[in-house]
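# Structural features, examined
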Amino acid sequence: MGDSDYRKDSDIYSLGPDKMASRHDHADSTPFLTQADDVDEVKATGAPARVVGDVDDDDGSEERDVHSLTGISYRRSVTIVGVLFYINLLNYMDRFTVAGVLPDLEHAFQIKDSSSGLVQTVFICSYMLLAPVFGYLGDRWNRKYIMCFGISFWSIITLCSSFIPKEHFALFLLTRGLVGVGEASYSTIAPTIIADLFVADKRSRMLSIFYFAIPVGCGLGYIAGSKVTSVAGDWHWALRVTPGLGLIAILLLGFIVKEPPRGAVERKTDKPLSSTTYVSDLKALVKNPSFMLSTLGFTTVAFVTGALALWAPSYLMRARIVLYKTEPCETPICNYDDSLIFGLITVVTGILGVGAGVEISKRYRKVNPRADPIVCACGMLSSAPFLYLALVFADTSLVATYVFIFIGETLLSLNWAIVADMLLYVVIPTRRSTAEAMQIMVSHLLGDAGSPYLIGLISDGIRRGKPDSSVLTFRSLEYALMLCAFVAAL
């Protein structure tokens, strides 16, 4: 094939989604490689990238072709997605178990709101800083083995953190930071494996299944944390649930997950891809406007969800004390009804939001190829007023507050799978793990790495120098959390 043929193919892929849709009859398919950086792949491999999934064969021949290229059957591929879903669920369950027992943790270590926010912040910082390392490794080495190492390390550290005495809060912070190793090794890699198993609408659906695990795992973290603490009479036991489940995850990874060839299903060839240098990868990603803008948009999602995830249960408990004029919890084990309810809401809204986001985008794409970013933007903008109303109604009606939280979280959840899908179809296979890592680093650096601590800091600042009371404790956190509504609109 001559240079003119390469240029012809490259021109098609650099047109952008609007013009690309006009070049193909099947407008319902997700645009693939709409950025000019796929020219690098042509140069590196000697074969032009091809669009797979633009035409769906009624007889299923495309599906057979896809799985013959990977050497992994459709059933095995779906099972692999199930294993990845389970591990993602476990990661988020562990992350928010601490949020579910935050009042007990504050009581045990005798800390204020700002220090409580640090528990989440140190974890996110570790996760954020290590993500580029695992992104680099994930684009070049066996992804299954990297995930096995990360989950093993994470499980051991989580178990160790449950035995730290109350005199050593700094050590507890250190262990929570090290837990970020496990999630960094997994979150940067798992979506790229799904991308190498499926294309087009099937990929979108499988990603939606994978990202169901985020809100569901968060909700289960609150539920497990509150229930295990209530049954055991000690919040430390809440941190001992996920390490045992982590062992199961390692076994499932070892015996079920198979490493698919990178990019084979999209190029319709099993010829190995050649990686470019890490610096070249970063330069290409920075020059990719779809990737950069979706990453900045997702940063606001991370800011809001990170702040709400840590502080919402505590805020609801404080609201209940003010509304019903009950005494603040001074016992070693507090009542965690609000953590349980918030956890259940998070599970349900996550399932509804992620599923609705994918289906709305899929249908809207038939008339507008830019459906993905529009659905994400509308979801975030619409969530802002509901988050605000949830805060201002808390001392008037907890029922109204829970209703507004339900609607706001559902709208927030529209983003999860769509943003991941956008990244996969605007970045070539050999730099997807790096792109995942870069998105994680930026969204957490400017998002939930600082938002839990910032909310706690603002809350403490409002209370500073004033006589302590239940109403002041509630109001200070209310005013601090209002920042989330403005960031969502941004």
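So, a few notes on the structure that sits alongside this text.

So, how was this worked out
For every chain, the first residue of the written sequence is number 1, and numbering continues from 1 onward in sequence order. The predicted nature of this model means local features are confined to residues of pLDDT at least 70 and side-chain atom pairs, given and counted, to a pLDDT of 80 or more, with totals for whole chains, interfaces and linings taken over all residues. To get the side-chain values, take all heavy atoms of the structure and skip hydrogens and water. By definition, any uninterrupted DSSP run of H or I lasting at least four residues is a helix, any uninterrupted run of E lasting at least two residues is a strand, and each is numbered from the N terminus. Between two residues, a contact is recorded if the distance between any of their heavy atoms is within 4.5 Å. Accessible surface is estimated by sampling points in the Shrake-Rupley manner with a 1.4 Å probe; for residues, cover comes only from the protein chains shown. Here, a salt bridge means any Lys or Arg side-chain nitrogen found within 4 Å of an Asp or Glu carboxyl oxygen. The axes are straight lines fitted to the C-alpha atoms, using for helices just the contacting stretch, and the angles between their N-to-C directions are given from 0 to 180°. Every angle not falling under 35 degrees, over 145, or within 65 to 115 is termed oblique; those three ranges are roughly parallel, roughly antiparallel and roughly perpendicular. Two helices that cross are described as forming a left-handed crossing if the nearer one is turned anticlockwise from the farther one by less than a right angle, and a right-handed crossing if clockwise. Ten residue types, Ala, Val, Leu, Ile, Met, Phe, Trp, Tyr, Cys and Pro, are classed as nonpolar, four, Asp, Glu, Lys and Arg, as charged, and the remainder, Gly among them, as polar.

## Topic: the overall build of the protein
Assigned secondary structure in the protein consists of 24 helices and zero strands. Residue pairs in contact within the protein that sit at least 24 positions apart in sequence constitute 84% of those at least 6 positions apart. Summed over its atoms, the accessible surface of the protein is roughly 19,200 Å², and 65% of this surface lies on carbon and sulfur atoms.

## Digging into the pattern of salt bridges
Overall, the coordinates contain nine salt bridges when judged by the stated rule. R431 serves as the salt-bridge partner of D281, at 3.1 Å between the closest nitrogen and oxygen. With a gap of 150 residues between them, D281 in helix α15 (residues 278–286) and R431 in the loop between α20 (415–426) and α21 (432–448) connect regions that are remote in the sequence. A salt bridge links D468 to R463; its shortest N-O distance comes to 4.0 Å. Taken together, the salt bridges that share partners define one network made up of D395, R475 and E478.

## Comments concerning the packing of helix α16 (residues 289–324) against helix α18 (residues 371–392)
Describing two packed helices takes the angle between their axes plus the distance from one axis to the other. Where α16 meets α18, the axes come as close as 13 Å, and the angle between the chain directions of the two elements is 20°. Taken as axis vectors, α16 and α18 run roughly parallel relative to one another. In this structure, α16 crosses over α18, and the sense of that crossing is left-handed. Of α18, the residues touching α16 (which contributes T300, V301, V304, L308 and Y315) are M380, L387 and L391. Taken together, the residues of the contact of α16 with α18 sort by class into seven nonpolar, one polar and no charged.

## Details of the environment of S77
Structurally, the position occupied by S77 is in helix α5 (residues 74–100). Put simply, S77 and V257 are 180 residues apart on the chain and 8.4 Å apart in space, counted from C-alpha to C-alpha.

Read these as spatial facts, not as claims about activity.
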